[in-house]
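Overview (structure and organization)
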Amino acid sequence: MNRKTTSKSARGTRGTRSRMPSTATRSNVVIRKLKTGVPGLDEVLGGGLPEYSFNIIAGPPGSGKTTMAHQIMFANATPEKPALYFTVLGEPAIKMLRYQQQFSFFDQAKLDSSIRFVNLSEMVLKNDLSAVLAEIIKVVEEVGPGIVMVDSFRTVVRKAQSMNGGSGSGGEGGEVELQGFVQSLALHLTSWQATTFLIGEYAEGEVRDNPVFTVADGLFWLYQSTERNSTVRKMQVIKCRGQETVPGLHTFRTTGDGLQVFPRTFGLTAPSDKKRSTHRHSTGVPELDTMLGGGIAAGQSVLLAGPSGSGKTILGNHFIAEGLKAGEPGVIAVFEELPNEYVARATKMGFKLDEARKNGTLEVLYLRPLDLSVDETVNEIVTAVKRVKAKRVVIDSLVGFELALAPGFRTDFRESLYRMVVALTRLGVTVISTVEVEEDFTSLGLSNYAISFLSDSIIRLRYVSLDGQLRRMLMVVKMRSGKHSIDTREYEITNKGVVIGERLRGYQALTSGIPGPWDWGHASTAGTVDHMSKGPIGAR
Amino acid sequence: MNSISPASRDLARRLLAWESARGKNSATGPGGTPVPPASRVCNKLRRVLTTFAGIAGFRSLLTRALTLSTARAPELKGVGVNPDATLLGIENVEGGKKKAAAQEWEEVLVAQLLDLLVTFVGEGLMQQLVRQAWPDLPAGQVRSRNQDKL
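Everything numeric here is computed off the predicted structure, so don't read it as measured data. Counting from 1, residues in each chain are numbered in the order their sequence is written. As they are written, the chains are lettered A onward and the ligands numbered 1 onward, keeping that order. Restriction of local features to residues with pLDDT of at least 70 applies here, the model being predicted, together with a cutoff of 80 or more for giving and counting side-chain atom pairs; totals for whole chains, interfaces and linings are based on all residues.

**Some details on the overall build of chain B**
Put simply, the rule is: Secondary structure elements follow DSSP: runs of H or I of four or more residues count as helices, runs of E of two or more count as strands, with numbering from the N terminus. Whether two residues are in contact depends on their C-beta atoms, placed from the backbone: they are in contact if these lie within 7 Å.
A count of helices and strands for chain B gives five helices and two strands. Element order for chain B, N to C, with α for helix and β for strand: α-α-β-β-α-α-α. The long-range fraction of contacts in chain B, counting pairs at least 24 apart against all pairs at least 6 apart in sequence, stands at 63%.

Laid out in structure tokens, this is it:
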């Protein structure tokens, strides 16, 4: 379904289920869905490509159209239902094969029996469209393909335009002939039970009133844009007749394995693994566990907010190391330093992360700085979580994460974080995110992103000026899952990690960072302090 | 001078021998002159390659192979490539019509063409194309000897 018709379904379940009426109650035709072979694309398409559909892959040069087409072709071509790839004055076939075989999906064995390339360049140059159509039909009837690709179809369009007026602009005659050609092609290829793809270079503004797009059942648009120094690639399923797709733009990346699409809904639509659990994970710092009413509730998200050097990373290490001791695998996503450096620093403090990495119970992900998309980041982390069956995740840090994103994604950072946290907590993992806070001495900032609403709990670390020393204190400022301490506790960073000391007594305005001695002259206030010190766990 | 890989030389020799054995007393060119095995090899490759690369694609490859070969085999100086990507004037090359067995210049030309294919599409695809062009050729004849050693 196109975007107009998906608004209703957007409120319901997406993914592989169709929103069409159940075939159990109505004897509608069942449209089989072909796997695309492009990771993530089946999810966007609502399960795969409709069999026997007539599709267009459009986009600017270099956006990945041919690679996507090849992935689909190699994923579906079999000796019984081979693929036919017609090349038309686009990239020369020899060069195309030269480059495409660099991708891991390129299976040479399939070229023998399952894939056939046919060059139509001379045919297009020397004949009119009816002759081209006749040639395509002849080969299709001879081969009986399951998949047919025409690359570049734009050349055929230009041919139609040049035949009527010769100016290149075409005119009505050219348009009618082109529409007739496309309709005949669609009709014939569908009758021959082929799923067809026309690949062409189109600009965004060409969608309207284009006869080619009118005939097509599916329209996949690839975009490539440069923002500052970053390149961002996105794709959209503008149209896909007969099935529900995920609307909107989805980022994708091209690697040695071909295209990988990162659906906007990744991790948000699959059934939640999150079970209501009363289990609390120890943070690895006993006093902090006490402040948290016994630890962090399983499946929750915690924000560790504090200035540079306040020990956020070390607390994250405590959390992961404690989990490893308890047999709970973990994932750490780092953005600001390489995993080996990160682990070496943790090892110096006695956290045995290196061993865990070697035995596969810990994965330290270094998410490539620059040009990241949020969806890609979520995908990487979620995949790692599933790979190591992680129970604990540390994202260190959100500031690094933001910097790693392509500039265009930073404007949606709050939404992005929301999606990431939801995707992870739906898996039932417990997440600690660190965030650097610019310290000021007038307020208690929790983060610079106004993202504290995303977290179930917030632990604030900060510097405080006491008795001529710059000391550290922490407090639990929010916890959704029950009672927590309202104490402000001093802590130190030692060579064994974070050691939490006593509650800071006798000061007022501690949260400002520049406290003064409490005015003991007010009996009522002093009484409150005494009461709170005896009851370490307070209700939020 | 451009070097030709021993593997391509080896395969060229086998293809030419195959064509020599099957072309005796049968293939003739204009005026009844015998068609050299190299011409038959190039034509078989042409049939397979033009399907996916087009006549223009194969023609440019063959022209390049001919140019590179001429430096090594001056006998080829008078040979050209027709617009339909067939060889022009190959029957007139000295020695071409005297012996049934393939000549050195034929081996150079075919090996050069195979080498170009390897350069552009790789050994694996080149062998597949050869298998398509000579479906009756035993598989062991298509594999390069280097591969057999692996």
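**Focus: the overall build of chain A**
Threshold: For every residue, the other C-beta atoms within 10 Å of its own C-beta are counted; 20 or more classify it as buried, 12 or fewer as exposed, and values in between as partly exposed. C-beta atoms are placed from the backbone.
Counting its secondary structure elements, chain A contains 18 helices and 26 strands. Relative to its full complement of 540 residues, chain A shows a buried share of 47%. Excluding contacts between residues fewer than 6 apart, the proportion of contacts in chain A whose partners are at least 24 apart in sequence is 71%.

**Thoughts on the interface of chain B and chain A**
Here is the rule we go by: Lys, Arg, Asp and Glu make up the charged group, whereas Ala, Val, Leu, Ile, Met, Phe, Trp, Tyr, Cys and Pro make up the nonpolar group; the residues left over, Gly among them, are polar.
The interface is formed by 14 residues belonging to chain B together with 14 residues belonging to chain A. Broken down by secondary-structure element, the contributors of at least two residues to the side of chain B that touches chain A are helix H2 (37–72) and helix H3 (104–133) of chain B. The residue makeup of the side of chain B that touches chain A, split by class, is seven nonpolar, seven polar and no charged.

**With respect to the nonpolar core**
Here is the rule: Defined on buried residues, the nonpolar core groups Ala, Val, Leu, Ile, Met, Phe, Trp, Tyr and Cys residues joined through C-beta atoms within 7 Å.
Met73, Met149, Val385, Val393 and Leu424 of chain A together with Val110 and Leu113 of chain B are the most contacted members of the largest nonpolar core, which has 179 residues in total. Element by element, the count of residues in this core is highest for H2 of chain B, at 13 residues. When neighbours within four sequence positions are excluded, Met73 of chain A is seen to be in contact with Ala83, Tyr85, Ile115, Ile147 and Met149 of chain A.

**Quick look at the sheet that holds strand E4 (residues 83–87) of chain A**
Residues and elements named next belong to chain A. Put simply, the rule is: A pair of strands is considered paired only if DSSP assigns at least 2 bridges between the two. Axis lines are fitted to C-alpha atoms, over the contacting stretch for helices. Their N-to-C directions set the angle, which ranges from 0 to 180 degrees.
With mixed pairing, the nine strands of this open sheet are ordered in space as E5-E4-E6-E7-E3-E8-E9-E10-E11. With one partner strand each, in any of the chains shown, strand E5 (115–119) and strand E11 (258–262) form the two edges of the open sheet. If you compare each strand with its neighbour and ignore which way they point, the axes differ by 25° on average. Here strand E8 (residues 218–227) runs beside strand E9 (residues 230–240); their pairing, made up of ten bridges, is antiparallel. Each residue of the ladder has a partner; that of Thr226, found in E9, is Thr231.

**Looking at the packing of helix H14 (residues 374–388) of chain A against helix H17 (residues 413–426) of chain A**
Residue and element names in this part refer to chain A. Formally: Here the word oblique covers every angle except those under 35 degrees (roughly parallel), over 145 (roughly antiparallel) and from 65 to 115 (roughly perpendicular). With the far helix as reference, a near helix turned anticlockwise by less than a right angle produces a left-handed crossing, and one turned clockwise produces a right-handed crossing.
One can describe the packing of H14 onto H17 by two numbers: an axis separation of 10 Å at closest approach and a directional angle of 15°. For the element pair H14 / H17, the angle class is roughly parallel. Between H14 and H17 lies a crossing of right-handed hand. Of H17, the residues touching H14 (which contributes Val374, Thr377, Val378, Ile381, Val382 and Val385) are Ser416, Arg419, Met420, Ala423 and Leu424. Classifying every residue of the contact of H14 with H17 gives eight nonpolar, two polar and one charged.

**Description of the pairing of strand E23 (residues 497–503) of chain A**
Residue and element names in this part refer to chain A. When strand E22 (residues 489–494) meets E23, the two strands line up antiparallel, connected through five bridges. Bridging across to E23, Tyr491 finds its partner in Ile500. Hairpin geometry of E22 and E23 is characterised by an intervening segment of two residues between the two adjacent antiparallel strands.

**Comments concerning helix H1 (residues 6–23) of chain B**
All names here are of chain B. Counted only if it meets this: Here, expected helix span is obtained from the residue count minus one, scaled by 1.5 Å.
A rise of 1.5 Å per residue sets the reference length of H1, with its 18 residues, at 26 Å; its end C-alpha atoms lie 25 Å apart and thus fit the reference within 8%. Listed in full, the buried residues belonging to H1 are Ser8, Leu11, Ala12, Arg14, Leu15, Leu16 and Glu19. Where H1 is buried, its residues touch H2, H3 and helix H4 (139–142).

**Structural notes on H14 of chain A**
All names here are of chain A. For H14, with 15 residues, the first-to-last C-alpha span of 21 Å sits near the 21 Å given by 1.5 Å per residue. Along H14, the residues classified as buried are Val374, Asp375, Glu376, Thr377, Val378, Asn379, Ile381, Val382, Ala384 and Val385. Looking at the residues trailing H14, positive phi occurs at Lys389, about 55°.

**Overview of the confidence of the model for chain B**
Detailed reading of the predicted coordinates is not advisable wherever pLDDT falls low. Which entries qualify depends on this criterion: One number per residue, pLDDT, summarises how confident the predictor is, and it ranges from 0 to 100.
Mean pLDDT over chain B: 84, with 81% of residues reaching 70 or higher. Reported confidences for the modelled complex are a pTM of 0.74 and an ipTM of 0.73.

**Notes on the sheet that holds strand E18 (residues 430–436) of chain A**
Residues and elements named next belong to chain A. Ordered in space as E16-E15-E17-E18-E14-E19-E20-E22-E23, the nine strands form an open sheet in which the pairing is mixed. What marks the edges here is a single partner per strand, and that holds for strand E16 (362–366) and E23. Shown here is a sheet whose adjacent strand axes are inclined to one another by a mean of 25°, direction ignored. Of the pairings in the sheet, the one linking strand E17 (residues 392–396) to E18 comprises four bridges and is parallel in character. Note that in E18 the partner of Val393 across the bridge is Val431. Helix H12 (residues 339–348) contacts strand E15 (330–334) and E16 of the sheet and is inclined by roughly 130° relative to E16.

**Focus: unusual backbone geometry**
Residue and element names in this part refer to chain A. With an omega of 5°, the peptide bond running from Asp151 to Ser152 counts as cis. The residue Ser152 is located in the loop between strand E6 (147–151) and helix H7 (153–163) in this model. At the junction of Asp396 and Ser397, the peptide bond is cis and its omega measures out at 10° in the coordinates. Relative to the assigned elements, Ser397 resides in the loop between E17 and helix H15 (398–404). Positive phi is not limited to glycine here, since Tyr52 has a value of about 65°. Summarising the element assignment, Tyr52 is placed in the loop between strand E2 (49–50) and strand E3 (54–59). In the Ramachandran plot, Gln193 falls in the positive-phi region, its phi being about 60° despite a non-glycine side chain. Under the C-beta neighbour-count criterion, Gln193 is labelled exposed, with 12 such atoms within 10 Å.

**Considering the pairing of E11 of chain A**
In terms of residue burial, E11 of chain A counts as a mostly covered element, since four of its five residues are buried. Counting the residues that bridge the hairpin from strand E10 (residues 250–255) of chain A to E11 of chain A gives two residues.

**Considering the environment of Lys325 of chain A**
All names here are of chain A. Position of Lys325 relative to the elements: it lies in helix H11 (residues 312–325). The class for Lys325 is exposed, based on 12 C-beta atoms found within 10 Å. In this structure, the C-alpha to C-alpha distance between Lys325 and Pro82, residues 243 residues apart in sequence, is 53 Å.

**What about the environment of Ala12 of chain B?**
Residue and element names in this part refer to chain B. Tracing the backbone shows Ala12 in helix H1. In this structure, the C-alpha to C-alpha distance between Ala12 and Glu123, residues 111 residues apart in sequence, is 14 Å. Once residues lying within four places of it in the same chain are set aside, the contact partners of Ala12 are Glu107, Val110, Ala111 and Leu114.

**Considerations on the confidence of the model for chain A**
All names here are of chain A. Overall, the prediction assigns chain A a mean pLDDT of 82, with 83% of residues at 70 or greater. pLDDT under 50 marks residues 166–170. Its contacts with residues more than four places away, or in other chains, come to eight contacts. Below a pLDDT of 50 lies the segment residues 523–540, which in the model reaches 20 contacts outside its immediate sequence neighbourhood of four places, other chains included.

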